Amino acid sequence: MKVCIIVDDNSGFTPEEVKKEGISCLKMPIVIDGEEFFQYINIDEKTYFEKLEGGSHITTSQPAIGEVMELWRSLLKEYDEVVHIPMSSGLSNTCDTTIALARDKEFADKVFVVDNHRISITLKPAVKDAKTLIAKGKSGREIKEILEKTAYDSSIYITCNTLKYLKKGGRITPAAALVGEALHIKPVMTIKGGKLDKYKKSVGLNSAKKVMIEAIKNDLETKFKDVPREDLELSFAYTKDRDVCEKFAKEATKILGFKSYKYLNPLSFSLSTHIGPGVLAIALTKLIK
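Since this is a predicted model, take the numbers as computed values, not measurements. (Residues numbered from 1 in each chain as written. Predicted model: local features only at pLDDT ≥ 70, side-chain atom pairs only at ≥ 80, totals over all residues. Heavy atoms only, no water.)

Asks: An account of the pairing of strand β3 (residues 29–32) is requested, with residue identities and associated values reported.
Replies: Note: β3 against strand β4 (residues 35–38), four bridges, orientation antiparallel. Along β4, the bridge assignment pairs valine 31 with glutamate 36. Taken together, β3 and the strand that follows it, β4, pair antiparallel across an intervening segment of two residues, in which aspartate 33 is found at a positive phi of about 50°. Relative to strand β5 (residues 58–60), β3 runs antiparallel, the two being bridged by three bridges. Opposite valine 31, over in β5, you have threonine 59 as the bridge partner. (Pairing = 2+ DSSP bridges. Helix = DSSP H or I, 4+ residues; strand = E, 2+ residues; numbered from the N terminus.)

Asks: Please set out the confidence of the model for the protein chain residue by residue, giving values where relevant.
Replies: Counting all residues, the mean pLDDT for the protein chain is 89, and 91% of those residues have values of 70 or more. Low pLDDT, under 50, characterises residues 172–180; the stretch is placed with eleven contacts to residues that sit more than four places away or in other chains. (pLDDT = per-residue confidence, 0-100. Contact = heavy atoms within 4.5 Å.)

Asks: Tell me what's going on with the state of the cysteines, and back it up with residues and numbers.
Replies: As enumerated under the stated definition, the model contains zero disulfides in all. Here cysteine 95 is not disulfide-linked; the sulfur of cysteine 25 is the nearest cysteine sulfur, at 15 Å. Its sulfur unpaired, cysteine 160 is 13 Å from the next cysteine sulfur, which belongs to cysteine 245. On the basis of relative accessibility, which here comes to 2%, the residue cysteine 160 falls in the buried class. (Disulfide = S-S within 2.5 Å. Buried < 20%, exposed > 50% of the residue type's maximum accessible area, 1.4 Å probe, protein only.)

Asks: Any details on the sheet that holds β5? Residues and values, ideally.
Replies: The sheet built from three strands is open, its strands ordered β4-β3-β5 with antiparallel pairing. Where the open sheet ends on each side, the last strands, each with one partner, are β4 and β5. With strand direction ignored, the average angle separating the axes of adjacent strands in the sheet is 30°. (Axes fitted to C-alpha atoms, helices over the stretch in contact; angles between N-to-C directions.)

Asks: Quick rundown of the packing of aromatic side chains? Include the residues and the values.
Replies: Each aromatic ring pair is characterised by the separation of its centres together with the angle its planes make. Within this structure, the stated rule accounts for six aromatic pairs. Pairing phenylalanine 236 with phenylalanine 248 gives two aromatic rings, centres 5.6 Å apart and planes at 85°, and the pair type is edge-to-face. Of this pair, phenylalanine 236 sits in strand β11 (residues 232–238) while phenylalanine 248 sits in helix α10 (residues 242–256), and the two are twelve residues apart along the sequence. Residue class for phenylalanine 236 comes out buried when judged on its relative accessible area of 0%. Each ring, one from phenylalanine 236 and one from tyrosine 261, has its centre 5.5 Å from the other, and the planes form 80°; the classification is edge-to-face. Separated by 25 residues along the polypeptide, phenylalanine 236 in strand β11 and tyrosine 261 in the loop between α10 and β12 (264–266) bring together distant segments of the chain. Feature note: the residues Tyr48, Phe49 and Phe269 constitute an aromatic cluster, connected by ring pairs. Across from the ring centre of tyrosine 79, 5.1 Å away, lies the NZ or CZ of lysine 2, which sits over that ring. (Phe/Tyr/Trp six-rings, centres within 6.5 Å; stacked < 30°, edge-to-face > 60°. Lys NZ or Arg CZ within 6 Å of the ring centre and 35° of its normal.)

Asks: Help me get a handle on helix α4 (residues 94–102), residues and values and all.
Replies: Taken residue by residue, α4 has Thr94, Cys95, Thr98, Leu101 and Ala102 as its buried positions. Taken around the axis of α4, the buried residues stretch over an arc of 125°, which confines them to a single face. Elements that come into contact with the buried residues of α4 comprise α3 (65–76), β6 (81–84) and β7 (111–113). (Arc of directions from axis to C-beta.)

Asks: Before we move on, can you summarise the packing of α3 against α4 with the specific residues and values?
Replies: In a packed pair of helices, the relevant descriptors are the angle between the two axes and the axis-to-axis distance. Two numbers describe how α3 lies on α4: the axes approach to 11 Å, and their chain directions differ by 55°. Between α3 and α4, the interaxial angle falls into the category oblique. Where α3 crosses over α4, the handedness of that crossing is right-handed. In contact with Ile65, Val68, Met69 and Trp72 of α3, α4 contributes Thr97, Thr98, Leu101 and Ala102. Each residue belonging to the contact of α3 with α4 can be placed in one class, and the counts come to six nonpolar, two polar and no charged. (Parallel < 35°, antiparallel > 145°, perpendicular 65-115°, else oblique. Left-handed = near helix turned anticlockwise from the far one by under 90°. Nonpolar A, V, L, I, M, F, W, Y, C, P; charged D, E, K, R; others polar.)

Asks: If you had to explain the sheet that holds strand β2 (residues 24–26) to someone new, which residues and values would you point to?
Replies: With parallel pairing, four strands are arranged side by side in an open sheet as β2-β1-β6-β7. Two strands bound the open sheet, and with one partner strand each, they are β2 and β7. Strand-to-strand twist of the sheet, defined as the mean angle between neighbouring strand axes without regard to direction, takes the value 25°. Taken strand by strand, α3 contacts β1 (3–8), β2, β6 and β7, and its axis lies near 140° from that of β6.

Asks: I'd love a proper account of the pairing of β1, names of residues and values included.
Replies: Looking down a regular strand, the side chains alternate between one sheet face and the other. Burial analysis of β1 places six of its six residues in the buried class, the great majority of the element. The two faces of β1 match: Val3, Ile5 and Val7 on one face and Cys4, Ile6 and Asp8 on the other face are all buried. Both β1 and β6 contribute to a ladder of four bridges, which runs parallel. Note on β6: the bridge partner recorded for isoleucine 6 is histidine 84. Of the strand pairs in this sheet, β1 and β2 are connected by three bridges, and their pairing is parallel. The residue bridging aspartate 8 from the neighbouring strand is leucine 26, located in β2.

Here is the structure:
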């Protein structure tokens, strides 16, 4: 069986990485002041953040159903099965939409949509796991079942530089945002049950970084205590400020006792729209062997 893997932009894969990994990527649209854009195609990072911070009206959207179906059809001409791993169903309706589409007679038993409850630097290892399973001769159905069973073999912690965008998205109240900004509150959040959830409050970025490192340290001592270090990937993500994230990654990697980290990736424009610039994230993921 020839099995193909599909992700979307929110996986964090660049076009170059997509080509190198031999996978396919579904483009996620963003709408800026009524005009549709696609990351890596018709808008660059500098322009995007200028518009985001400049007050442009930006919304995110799902890929058109027709585009999804056409991508599946084109891949099924070359492959026997497709394993589609979108961002967590708890963060977008895209997952539920593609699961429903895959039930269509045309795609049933050919396209397997995985609700992996992951995103960005935790979703990337899921692709590596899928490739490992393909190499072992697993079918699309088996890969879906295994990836969903191991979905929570990862941890991710995120801090925001500003509460403005969480307020705009309705995740916190205007009053809470006002007080938080005045007190320099930097919330540390985690993805729990596939959804973004609060983890702990901190005051200032340095405090937030310490909280995230301690959270990963705790996971190493509890959740992953019996997992060899070589079976774990430590990764980092950011919005806009790569230098800040790179410095944090070096500090955290040393403190946590890892030889190196795996990924240091920008979050997609779709994600940045909802959390803003200056975001830092750290993740730990167990790989399938």
